[in-house]
Amino acid sequence: MTPSVLVLAESPAGAVSGPTKEAFGVARTLAGPDGSVAAVTTGGPAAAQALASFGPRDIWVADIPTESTTSGAVAALAARAAQESASAIVLVGGTTFGRDVVGRLAVRWGAAAATGVTEVTRTDSGELRVRRPVFGGRATETRTLLGPRAVIALRPHAFGAASEIVGTPAMHLLDRSVIPANEVAARRVSLASADGASGPPLPDATIVVSGGRGLRTAANFSLIEDLARSLGAAVGASRAVTDAGWRPPSLQVGQTGRAVSPQLYIAVGISGAIQHLVGMISSRTIVAINTDPSAPIFKVADYGIVGDALTLVPALTQEIRKVRGLS
Ligand SMILES: Cc1cc2nc3c(=O)[nH]c(=O)nc-3n(C[C@H](O)[C@H](O)[C@H](O)COP(=O)(O)OP(=O)(O)OC[C@H]3O[C@@H](n4cnc5c(N)ncnc54)[C@H](O)[C@@H]3O)c2cc1C
């Protein structure tokens, strides 16, 4: 029998997250026609029910309160689910939480691990081969994962989301007693965003709107935030902006900031220095707004608008709000 592929699901508020849907798509491909896909969630029955529409044959369910959902607790529960489902591969969405779980799970389950993966294939001899960008996107690493078990965190948006399929999976309750005592004792007291930013977290966002020095002043940067809000996007910034103290370093995209790969990246008043490009070059579609037609950002942009951001961005925001029916 082909061992199953287990998806470690994230389903906040009972809704299946985008990265989890992408993991289901990869799991189906890896399992092939003879294998099976399983899922594990710590979000209780509501989360399990939501996962059922992505066709897993089995779902392992634990119900642990959000404040106790430490990565150590989730790793322990996922390792048990991997063992009980006789899985050979666990797929994790490449979210901040997912990346945090990978190492712990790999150690606990005795598996090889890889993060930021953009391609997974099997060699003719049945070994798992992964590819992922390294050195800030300037090179691609190909690596063979040796051994019978592997935990793989997928790079967000590198794979398409799985379509929904009707199924009636078998549900299995996970016993909380597998959670180590030190993880039970750990309780998250609060979670506050360090940058005070609203909207989705930058590394996981489907759309990112980033602003650069072309905005001229810290106050003008609010134009970027308004545009991001109208699109449900995360806000990013160039280093010129964070160095100037207009916005916190946690928003910086690039070599010494965050790497993002959204479906849509809008760069406003950003010249396109190589150190910025390496952090966003793998975005699916890049739009640039810049007054200088020879700005390097236009070399990587799919769509370019030559013009003044200070007049273009408010007009764009207004139009998007109108189209989306936002007041
Ligand atoms: C070791 C190292 C690491 C670095 N890491 C990073 C990093 O992680 N991320 C990063 O971003 N940078 C990084 N940098 C800095 C990088 O080299 C650039 O200096 C920086 O990205 C420039 O930011 P910018 O594009 O906002 O500003 P600028 O280069 O000054 O570009 C501003 C752009 O705005 C345009 N503009 C001006 N007015 C308007 C207007 N009204 N409307 C529209 N466009 C307008 C201009 O034509 C120009 O192209 C790093 C540098 C080093 C040396």
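Note that the coordinates shown come from a computational prediction; the quantities given were computed from them, not determined experimentally. (Residues numbered from 1 in each chain as written. Predicted model: local features only at pLDDT ≥ 70, side-chain atom pairs only at ≥ 80, totals over all residues. Heavy atoms only, no water.)

Undergrad: How should I be thinking about the site of the ligand in this particular structure?
TA: Taken together, 25 residues lie around the ligand, and Ser238, Thr256, Ser271, Gln275 and Asn290 are the ones closest in. Within the contact set of the ligand, an oxygen atom lies 2.8 Å away from a backbone nitrogen or oxygen of arginine 213. For the ligand, whose accessible area on its own is 990 Å², the fraction buried by protein is 76%. Each residue belonging to the shell around the ligand can be placed in one class, and the counts come to five nonpolar, 15 polar and five charged. (Near = heavy atom within 4 Å. Polar contact = N/O pair within 3.5 Å; in protein donor to acceptor, adjacent residues only side chain to side chain. Areas by Shrake-Rupley, 256 points an atom, 1.4 Å probe, with all protein chains shown as cover. Nonpolar A, V, L, I, M, F, W, Y, C, P; charged D, E, K, R; others polar.)

Undergrad: Just to check I follow, could you spell out the packing of helix 3 (residues 71–84) against helix 4 (residues 96–109) for this structure?
TA: Helix packing for two helices is described by the angle between their axes and how far apart those axes are. Two numbers describe how helix 3 lies on helix 4: the axes approach to 8 Å, and their chain directions differ by 55°. When the axes of helix 3 and helix 4 are compared, the pair comes out oblique. The handedness of the crossing between helix 3 and helix 4 is right-handed. Judged by residue contacts, Ser71, Gly72, Val74, Ala75, Ala76, Ala78, Ala79, Ala82 and Gln83 of helix 3 engage Phe97, Asp100, Val101, Arg104, Leu105, Arg108 and Trp109 from helix 4. Looking at the contact of helix 3 with helix 4, its residues break down into 10 nonpolar, three polar and three charged. (Axes fitted to C-alpha atoms, helices over the stretch in contact; angles between N-to-C directions. Helix = DSSP H or I, 4+ residues; strand = E, 2+ residues; numbered from the N terminus. Parallel < 35°, antiparallel > 145°, perpendicular 65-115°, else oblique. Left-handed = near helix turned anticlockwise from the far one by under 90°. Contact = heavy atoms within 4.5 Å.)

Undergrad: Which parts of the structure should I look at to understand the side chain of threonine 20?
TA: Structurally, threonine 20 is set in helix 1 (residues 18–31). Owing to a relative accessible area of 2%, threonine 20 belongs among the buried residues under this scheme. Side chain to side chain, threonine 20 and serine 17 meet in a polar contact 2.9 Å long. (Buried < 20%, exposed > 50% of the residue type's maximum accessible area, 1.4 Å probe, protein only.)

Undergrad: When you look at the nonpolar core in this model, what are you seeing that I'm missing?
TA: Inside soluble globular proteins, nonpolar side chains tend to come together where they are buried. By size, the foremost hydrophobic cluster in this structure holds 34 residues, and its most contacted members are Leu91, Val120, Ile152 and Leu154. No other element matches the six residues that helix 1 contributes to this core. Contacts of valine 120, omitting those with residues within four sequence positions, involve Val26, Leu30, Leu128, Arg129, Val130, Ile152, Leu154 and Phe159. In terms of nonpolar packing, the next biggest core, distinct from the first, is built from 28 residues, Leu6, Val40, Val92 and Ala106 among them. (Core = buried A, V, L, I, M, F, W, Y, C linked by side-chain atoms within 4.5 Å.)

Undergrad: Can you walk me through the environment of arginine 188 in this structure?
TA: In this fold, arginine 188 is placed in the loop between helix 5 (181–185) and strand 11 (207–211). Taking the C-alpha atoms as reference, arginine 188 lies 39 Å from proline 314; in sequence the two are 126 residues apart. In contact with arginine 188, not counting residues within four places along its chain, are Thr66, Glu67 and Thr69.

Undergrad: Whenever I open this one, the pattern of salt bridges confuses me. Can you help?
TA: Oppositely charged side chains may form a pair once their charged atoms are brought near each other. Inspection of every chain in the model, using the stated rule, returns 10 salt bridges. Between arginine 132 and glutamate 141 there is a salt bridge, and its shortest N-O distance comes to 2.8 Å. By relative accessible area, which is 25% here, glutamate 141 ends up partly exposed. Residue aspartate 226 pairs with arginine 229 through a salt bridge whose shortest N-O separation is 3.1 Å. A residue pair is termed a helical-turn pair when its members lie 3 or 4 positions apart in one helix, as aspartate 226 and arginine 229 do in helix 6 (residues 222–231) at three residues. Shared partners join several salt bridges into a network, and the residues in it are Arg132, Glu141 and Arg143. (Salt bridge = Lys/Arg side-chain N within 4 Å of Asp/Glu carboxyl O.)

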